[in-house]
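Structure assessment
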Amino acid sequence: STPSRPQPTHPLAVAPVTAPEATVDGFVEQFLRNLNNGRGVALSASTPNDRYFALAATVRDYLMARWLEDVRRQRTAQSKGVAYLSAEYLLGRQLDNNLLATGLTEIAGEALAACGLDIDEVRALEIEPGLGNGGLGRLAACFIDSLATMGVPNIGYGIRYEYGIFRQTFVDGQQVEQADSWLSLGSPWEFPHPEAAQTISFGGHTETYDDDGVVRSRWIPAWNVQAVPHNYMVPGYHNGRVNTLRLWSAQATQGFDLRTFNSGDYQEAVRAQTYAENISKVLYPEDSTPQGKELRLQQQYFFVAASISDFVNLILPRDFDLTRLPERVIFQLNDTHPVIGVPELMRVLVDEKGLEWDAAWAITRECFAYTCHTLLPEALEVWPSDLLGRLLPRHLEIIYRINDEFLDEVRERYGDDEDRIRRMSIIAPDGAVRMAFLATVAGSKVNGVAELHSQLLREKVLPDFDEFFPGKFTNVTNGVTPRRFVKLANPGLSRLITDTIGPGWLTDLDRLRELEPFADDASFRQAFASVKAANKRALAKTLHARDGFTVDDGHMLDVMVKRLHEYKRQTLKLLHIVSQYDAIVSGRVSPAEVTPRTFVFGAKAAPGYAMAKRIIHLINAVGEVVNSDPRVEGRLAVLFPPNYNVTLAERVVPAADLSEQISLAGKEASGTGNMKFALNGALTIGTDDGANVEIRQLVGDENFFLFGMTEPEVATLAETGYHPIDFVRADENLQSALDLISSGAFSCGDGSVFEPVVSNLVHHDPFMALADFTSYAAAQQKVDALYADTEAWTRSAILNVARSGFFSSDRSMRDYIDRIWHTPPVR
Ligand code: 6GP
């Protein structure tokens, strides 16, 4: 600091910022101040949106002192933190969560009532930021919640997409996607900092030059964009801590070209601007076209380069000795999307900071760790080298060198085992860059997301690497935040738990074990069952208001909500529904014998995934017929509310009786919906897949409906040759369900409509739904049998809650910290 700079003298200017008074009066005052000063309106003239913004601003004000203090604390402590690099954060609504963190939920409700407002009406206005597709993005959101709650320094880095995951509607039963303009009314939760924008470069070429007798390389890029940070608060639960989520938005380096504009060519005047700003326009643009694919790589590099530069150039002290970078940060790679960060850090260290290659590589290998979230080979990203070379020429050179040196090491170990070298090369035979391999070579650790997944990752996907790098592979089973998915989503259950075992369980979820003895307590069971019943009524109300559905009170609620993918096998469940329907209408079974059930689906299909969209159409078509057929009335109903998202999940999960987790064994990496349902007292019907395996081990076989082939059985069947038709012939119910669909029963007599779905199943069935049908139907009979015994069912449901504490994301975070990150909390 320069000696001439005046120092603050006013007592308020030197004291830390303080929060408004935590009373109803204090809240009212702050709320009205925000409404008047922030929105420029009087209460009497305010719109609902004004009131929502003022309420959000008020909650923010209560968190602000803690946030600023945490930023300061983390800067002075200079301790090691986690920089979580994720292309997705599926945050869900912020208001309730942030209110919960402050402990002011009740005060806020009373304060708004005192202003003549209903807080429920105000909170309903929030549009959730849907900056993720599904499990991977929601997991990132749970993790940053847990880190804040544990007081571990963390910055989440990602992209502020202008349009998040599409809004799904159904037209004639078919999915139609609409843009999710979540920012159209502004966002009260973000703090944009255009003055702190980073310049991110693309294209151009590389050259070598003589640096005092040393030959060095440098990148001469062709074009730049600005990455503008938007900061979000990530408050811990009742611990006074607030971490930061920093999302980058793309802005053109120069605005529009005034001269061109004045000459009348309006489109040309904004062309460059539009091109640059497209980078953060939409979550995961379609990557089926070459243009789309390039944009996706631009997005990945854009946010990763901005984040690394942010950390290295702004967060670290100016004179920081970069050889000590691993003592300050671990960059966690959330799947392959941010893996371009590996050559980027190398470029920064070698080209910009002047470090020697070997020293830079030693630092880089300690600073990254990689989490894989899938086993589907098509989801492991590869980038064609011509594309990568065109967009990031220096990075491609760096990747080649990393690969050459790595393959030299492989040769040293195994001699000229060319086959092995081809298998392990980061560059595939067709020249493409295998990002998962790059992440594995560079990462200090590589983890899968459930025991089975981590085992298959080592044994089947990356076996050569597991052998080459002993100790590098590990498992961290996923978890979910109990703050959002129990406390906020299920206040009734939360109250019952606290009344029974006292407080403290929300940050120490293993304590749910203390509920176990109460499973045998009839009055507790009754209280538990009435919470479930109330949650079902609340869901019914929501679905009625949202979609005009009616939910029958006495029905079992059988729920399958998740992205639509063939491997997740929504069709298996649908075939079972059709077979039950068929059994009743054909008179084989009397309606009275069937347990009344409402089936709830929620699923978005990727816009370019034709089969998934056909399956959505079929579910809706079956629903339309079943729901209007008097012969099954009061017995079967199929509901498919459109636009399943975090907000709807918070309603559906606490209401469910039965959770469907029915993927083909070996395909679902973990699942996290499965954990949310178990924690909220649903029983699971599921295969031995992903985290289902661990759920079943923990809750006990007798409290879980297992069915289907195991992963080794699947592998054997695939090897010996799978013929779905054999399974159709062996099960008349399956045969008649398929026949009924083919007959046009769900398509106004036109059998051709769903022919592609049926013939795909009967002739290919890549995820072996038909092979598991018989076993699934048998498990469903066990479900009915247990459900008929209300007390026994409730007992099992309670045990599911009591034994699922392991699935807290706090536990996942502890595992990452102990085994991968080594980042202690800052007190
Ligand atoms: C998902 C997995 O499919 C799911 O099983 C897992 O629970 C979740 O990640 C969190 O680990 N994967 C993705 O969403 C994805 O995009 C590339 O993987």
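Residues numbered from 1 in each chain as written. Predicted model: local features only at pLDDT ≥ 70, side-chain atom pairs only at ≥ 80, totals over all residues. Heavy atoms only, no water.

1. Quick look at the environment of T794
As for its placement among the helices and strands, T794 is situated in helix 32 (residues 790–802). Given the relative accessible area of 8%, T794 is considered buried. Each C-alpha atom, one on T794 and one on F518, is 11 Å from the other, the two residues being 276 residues apart in sequence. Among residues more than four places away in sequence, those in contact with T794 are R525, F528 and A529. (Helix = DSSP H or I, 4+ residues; strand = E, 2+ residues; numbered from the N terminus. Buried < 20%, exposed > 50% of the residue type's maximum accessible area, 1.4 Å probe, protein only. Contact = heavy atoms within 4.5 Å.)

2. Focus on the nonpolar core
Ranked by size, the top nonpolar core spans 144 residues in total, and within it F302, L325, I402 and W821 carry the most contacts. The element that contributes the greatest number of residues to this core is helix 10 (residues 290–315), accounting for 12 residues. Residues contacting I402, with those up to four places away along its chain left out, are V342, M346, W357, W361, I426, L438 and V441. Membership of the second largest hydrophobic core comes to 103 residues, among which are I619, L664, V699 and I741. (Core = buried A, V, L, I, M, F, W, Y, C linked by side-chain atoms within 4.5 Å.)

3. A short note on the side chain of D61
Note that D61 resides in helix 3 (residues 48–77). Despite its burial, D61 pairs with no opposite charge; the closest candidate is R60, at 4.9 Å N-O. Those residues within four positions of D61 in sequence are excluded, and the remaining contacts are A19, P20, Q30 and N34. (Lys, Arg positive; Asp, Glu negative; His and termini not counted. Salt bridge = Lys/Arg side-chain N within 4 Å of Asp/Glu carboxyl O.)

4. Considerations on a nonpolar patch on the surface
On the surface, F256, L258, F261 and Y266 cluster together into a nonpolar patch covering about 410 Å² of accessible area. Position of Y266 relative to the elements: it lies in helix 9 (residues 266–277). Exposure remark for Y266: the relative accessible area of 52% places this residue in the exposed category. (Patch = residues over 30% accessible without salt bridge, like charges linked within 9 Å, V, L, I, M, F, W, Y side chains within 5 Å. Areas by Shrake-Rupley, 256 points an atom, 1.4 Å probe, with all protein chains shown as cover.)

5. Considering the layout of surface pockets
Computed from the structure, the second largest pocket encloses a volume of approximately 550 Å³. Around the second largest pocket sit 31 residues that line it, and V71, R75, I155, R246 and I315 are the ones nearest its centre. When residues of the lining of the second largest pocket are assigned to their parent elements, the largest contribution, 7 residues, is made by helix 3. Counted by class, the lining of the second largest pocket contains 16 nonpolar, 10 polar and 5 charged residues. (1 Å grid on protein atoms, 1.4 Å probe; cavity = no way out; pocket = protein on both sides within 12 Å on 5 of 7 lines; lining within 4 Å. Points joined across faces, edges and corners; volume = space filled by probe spheres on them. Nonpolar A, V, L, I, M, F, W, Y, C, P; charged D, E, K, R; others polar.)

6. Overview of the site of the ligand
In the vicinity of the ligand lie 13 residues, with H373, N478, E668, S670 and G671 positioned nearest. Backbone polar atom of L136 to an oxygen atom of the ligand: 3.2 Å apart, as the coordinates give it. A distance of 2.6 Å separates an oxygen atom of the ligand from a polar atom in the side chain of E668. Across the shell around the ligand, the residue classes tally to 5 nonpolar, 6 polar and 2 charged. (Near = heavy atom within 4 Å. Polar contact = N/O pair within 3.5 Å; in protein donor to acceptor, adjacent residues only side chain to side chain.)

7. Description of the sheet that holds strand 24 (residues 704–706)
Strand order in this open sheet of 6 strands is 21-20-19-22-23-24, and the pairing throughout is parallel. Two strands in the sheet have a free side with no partner beyond their single neighbour: strand 21 (636–639) and strand 24. Within this sheet the neighbouring strands show an average axis-to-axis angle of 20 degrees, counted without direction. Bridging between strand 20 (residues 597–602) and strand 21 involves 4 bridges; their strand directions are parallel. Bridging from a neighbouring strand, V600 pairs with L639 of strand 21. Contacts from helix 22 (residues 570–585) reach strand 19 (556–561), strand 20, strand 21 and strand 22 (658–661), with the element oriented near 150 degrees to strand 20. (Pairing = 2+ DSSP bridges. Axes fitted to C-alpha atoms, helices over the stretch in contact; angles between N-to-C directions.)

8. A look at helix 11 (residues 341–352)
Of all the 12 residues making up helix 11, 11 are buried; the element is thus mostly covered by neighbouring parts of the structure. Listed as buried for helix 11 are G341, V342, P343, E344, L345, M346, R347, V348, L349, V350 and D351. At the exit of helix 11 stands G354, carrying a positive phi of roughly 75 degrees.

9. With respect to unusual backbone geometry
Located in the positive-phi region is D172, a residue other than glycine, with phi close to 50 degrees. Mapped onto the secondary structure, D172 falls in the loop between strand 5 (167–171) and strand 6 (174–178). Despite not being glycine, R569 has its phi angle at roughly 65 degrees, a positive value. On the secondary structure map, R569 appears in the loop between strand 19 and helix 22.

In short, the description is geometric, and any link to function would need to be established separately.
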